[in-house]
Amino acid sequence: MQLSTFRRLLQGQRDELLGFELSLTRIEDQQVAAAIGKTHHANVTFNGRNDSRVSGAVFEITDAELAAADQYERLAAYKQVTAKLASGKEVWVYVNTRAAP
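As the structure is a computational prediction, the values presented were derived from the model and not from experiment.

A few words on helix 3 (residues 63-74). Here helix 3 contains 12 residues, and its C-alpha end-to-end distance of 16 Å stays within 8% of the 16 Å for a straight helix at 1.5 Å per residue. Of all the residues in helix 3, the buried ones are Glu65, Ala69, Asp70 and Glu73. Summarising the axial view, the buried residues of helix 3 lie within an arc of 145 degrees, below the 170-degree limit, and thus occupy one face. Exposed side of helix 3, more than 90 degrees from the buried face: Asp63, Ala64, Gln71 and Arg74 are the residues found there. As for helix 3, its buried residues are in contact with helix 1 (2-6), strand 5 (78-84) and strand 6 (90-96).

Our focus in this paragraph is the environment of Asn47. Relative to the helices and strands, Asn47 resides in the loop between strand 3 (40-46) and strand 4 (53-59). Accessibility expressed as a relative area gives 23% for Asn47, which makes it partly exposed. The spatial distance from the C-alpha of Asn47 to the C-alpha of Leu18 is 9.3 Å, given a sequence separation of 29 residues. Setting aside residues up to four positions removed in sequence, Asn47 forms contacts with Gly19, Phe20, Glu21 and Ser52. A polar atom in the side chain of Asn47 sits 3.2 Å from the side chain of Glu21.

Another aspect to go through is the packing of aromatic side chains. Applying the stated criterion across every chain yields a total of 1 aromatic pair. Where Phe20 meets Phe46, the ring centres are 5.3 Å apart and the plane angle is 70 degrees; that geometry is what we call edge-to-face. Of this pair, Phe20 sits in strand 2 (residues 20-26) while Phe46 sits in strand 3; the two residues are 26 residues apart in sequence, bridging distant segments of the chain. We classify Phe46 as partly exposed; its relative accessible area is 40%.

A few words now on the pattern of salt bridges. Applying the stated criterion across every chain, the model contains 3 salt bridges. For Arg8, the salt bridge goes to Glu65, with nearest N and O atoms at 2.7 Å. A residue pair is termed long-range when its members are at least 10 positions apart, and Arg8 in the loop between helix 1 and strand 1 (12-18) and Glu65 in helix 3 qualify at 57 residues. The buried category is assigned to Glu65, whose relative accessible area is 11%. A salt bridge links Asp51 to Arg49; the shortest N-O distance between them is 3.1 Å. A residue is classified by how much of its surface remains accessible, and Asp51, at 59% relative accessible area, is exposed. Assessed through its relative accessible area of 42%, Arg49 is described here as partly exposed.

Criteria and cut-off values
Residues numbered from 1 in each chain as written. Predicted model: local features only at pLDDT ≥ 70, side-chain atom pairs only at ≥ 80, totals over all residues. Heavy atoms only, no water. Helix = DSSP H or I, 4+ residues; strand = E, 2+ residues; numbered from the N terminus. Expected span 1.5 Å × (residues − 1). Buried < 20%, exposed > 50% of the residue type's maximum accessible area, 1.4 Å probe, protein only. Arc of directions from axis to C-beta. Contact = heavy atoms within 4.5 Å. Polar contact = N/O pair within 3.5 Å; in protein donor to acceptor, adjacent residues only side chain to side chain. Phe/Tyr/Trp six-rings, centres within 6.5 Å; stacked < 30°, edge-to-face > 60°. Salt bridge = Lys/Arg side-chain N within 4 Å of Asp/Glu carboxyl O.

Now the structure itself:
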């Protein structure tokens, strides 16, 4: 996804997303599911609990790259929400629109 969307590999920093838990989102487009060999995408769901953390990586991207990510994620019915990380940073996270806070 990084190469096709951003035309480069992103260098991320490890961090933890607070108040979210891991979840799976069903891939509705059967052609996409067949092409990638999966029926679900890994995602996160907001639960608001202080003890909930999801480990991952934070990427710094340009405005143009953010627009490309928005277009890519919109196809999968994802939207941006703001979230707080354990490091104190506030970031954008893509979540399924059916599970968005």
